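What follows is the residue order along each chain.
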Amino acid sequence: MRIILFFDQIQSGTGDKEGSNVELAVEKGGIGSYLMFEEYIKEIGGTVIATTYCSDNYFRDNEETVLSKMEGLINKVKADILLCGPCFNYHGYAEMSAILADYIQKKTECKPIVVCSEENADVIEKYKNDIVMVKMPKKGGTGLRESLKNMAKVIKKVHNNEKLAVEDNIYL
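Caption draft 1: View of the state of the cysteines. Here the structure, examined in full by the defined rule, presents zero disulfides. There is no disulfide at Cys116, and the cysteine sulfur nearest it, in Cys87, is 5.8 Å away. Relative accessible area serves as the criterion here: at 0%, Cys116 is assigned to the buried category.

Caption draft 2: Representation of helix 7 (residues 144-159) within the structure. End to end, helix 7 covers 22 Å across 16 residues, agreeing with the expected 22 Å (1.5 Å per residue, within 8%). All buried positions along helix 7 are accounted for by Ser147, Leu148, Asn150, Met151, Ala152, Val154, Ile155 and Val158. Of the residues trailing helix 7, Asn161 is marked for its positive phi of about 60°.

Caption draft 3: Geometry of the side chain of Thr108. Take Thr108: it is sitting in the loop between helix 5 (91-107) and strand 5 (111-116). Thr108 gets classed as buried once you look at its relative accessible area, which sits at 10%. Among the polar contacts made by the side chain of Thr108, one reaches the main-chain carbonyl oxygen of Ile104 at a distance of 2.9 Å. Reaching out from Thr108, the side chain makes a polar contact with the backbone nitrogen of Cys110 at a distance of 3.1 Å. The residues touching Thr108, leaving out its near neighbours within four places in the chain, are Glu71, Ile74 and Asn75.

Caption draft 4: Structural view of the packing of aromatic side chains. Tallying each qualifying case throughout the model produces two aromatic pairs. Look at Tyr34 and Phe37: their rings are 5.4 Å apart centre to centre, the planes differ by 85°, and that puts the pair in the edge-to-face class. Taken together, the residues Tyr34 and Phe37, both in helix 2 (residues 34-43) and three residues apart, mark about one turn of the helix. Of the two residues, Tyr34 and Phe37, neither departs from the other in class, the shared state being buried. Plain terms: the ring middles of Phe88 and Tyr90 are 6.3 Å apart, the flat faces sit at 70° to each other, and that makes the pair edge-to-face. Judged by relative accessible area, Phe88 falls into the buried class, the value being 3%.

Thresholds, definitions, all that
- Residues numbered from 1 in each chain as written.
- Predicted model: local features only at pLDDT ≥ 70, side-chain atom pairs only at ≥ 80, totals over all residues.
- Heavy atoms only, no water.
- Disulfide = S-S within 2.5 Å.
- Buried < 20%, exposed > 50% of the residue type's maximum accessible area, 1.4 Å probe, protein only.
- Helix = DSSP H or I, 4+ residues; strand = E, 2+ residues; numbered from the N terminus.
- Expected span 1.5 Å × (residues − 1).
- Polar contact = N/O pair within 3.5 Å; in protein donor to acceptor, adjacent residues only side chain to side chain.
- Contact = heavy atoms within 4.5 Å.
- Phe/Tyr/Trp six-rings, centres within 6.5 Å; stacked < 30°, edge-to-face > 60°.

Listed below in structure tokens is the structure:
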């Protein structure tokens, strides 16, 4: 299973919260926060072929460009899964991830998944019926390891076209 990651500047390790305007970039393989869940992705037979990232400021100012470039990349490398997250409780990151996931789901064969905490309630409410959204704790919250293991299980189920349910710890 071929996976592309979509991170913000914090999760990619290329910027911080304050005033970042990180342009859309692509790195081969997994970088940044991927190291937190690499073992779980490998356990399900996943391969991260690329990590994409940008800041939410850049995304807001260049949304059409980012969406178009991500669509092109996903089609070019024939990605099976677009994993947006873990977004934790970073609202801007969760919002741009949901917008991207919704777009990619409508425009490509790739299956997007967004992983975020309940603090992003407005984003979850807006998109939970359209895209797969996996629950996770907020930054510094308890249960991170379990949520990342669960995220991998959900990725595998989505890839295999299996039905998701409440016990998969997704937002319904």
